[in-house]
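If you want the building blocks of each chain, they are given just below.
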Amino acid sequence: MHNVDTRTSTRLRQWAAGLLPLEAAVELLLRAFGGRFADPALPWVRVDGDVTWLDPDALREHAAVLSGGERRLLFVVASLLDERPLGVVDVVTGLDRENLHLVLAAFAHAGGSHTATVLERVDGTVRFSTPGALVPWSHSPAGGRSSSAPAVHT
């Protein structure tokens, strides 16, 4: 299993920080296929000085020659980066279970489900809670970091 070096994963996360779709794209790229598609030697991983970023056009261009599952997942990454339409039916019907889970977690992250606060009534008490991600990331990310547990505020 290939693991992304910590420097690359840290720089990609720093670049994407604060923009949920970009954060989702970076996490998906780092977690899928053992992180091998986040290698700085690849044409879509751009390094400009201290900034490492992802180029969606290069990703689409070069992903077209990969296997069906790899191509589908990388097109999801590209669409999260630049908001171009995506053939969702083709994507979800052509991924294995592990990568489908990652794509669903990426969609949930991009939609902000991990930041949602809900009002609930428990045993006659009203409280706010943050139930966590609708679809959490797997617990084995390349380059560290996992989803956090839900928090409850009373």
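Residues numbered from 1 in each chain as written. Predicted model: local features only at pLDDT ≥ 70, side-chain atom pairs only at ≥ 80, totals over all residues. Heavy atoms only, no water.

Along the polypeptide, glutamate 70 turns up in helix α4 (residues 68-82). You can call glutamate 70 buried: its relative accessible area is 13%. Looking at glutamate 70, its side chain comes within polar contact range of the side chain of arginine 36, at 2.4 Å. Contact partners of glutamate 70, with chain neighbours within four places excluded, come to Phe33, Arg36 and Phe37. (Helix = DSSP H or I, 4+ residues; strand = E, 2+ residues; numbered from the N terminus. Buried < 20%, exposed > 50% of the residue type's maximum accessible area, 1.4 Å probe, protein only. Polar contact = N/O pair within 3.5 Å; in protein donor to acceptor, adjacent residues only side chain to side chain. Contact = heavy atoms within 4.5 Å.)

Moving on to helix α3 (residues 56-63). Within α3 the residues assigned to the buried category are Pro56, Ala58, Leu59, Arg60 and Ala63. Residues of α3 that are buried in the fold lie against β1 (45-48), β2 (51-54) and α4. For α3, the capping residue at the N-terminal end is aspartate 55, with a side-chain oxygen 3.0 Å from the backbone nitrogen of aspartate 57.

One finds Leu28, Trp44, Leu54 and Val77 to be the most contacted residues of the largest nonpolar core, which totals 33 residues. Listed by contribution, the elements that provide at least two residues to this core are α1 (6-16), α2 (20-31), α3, α4 and α6 (97-110). Once you skip the residues sitting within four places of it in the chain, valine 77 turns out to touch Ala25, Leu28, Leu29, Leu54 and Leu59. (Core = buried A, V, L, I, M, F, W, Y, C linked by side-chain atoms within 4.5 Å.)

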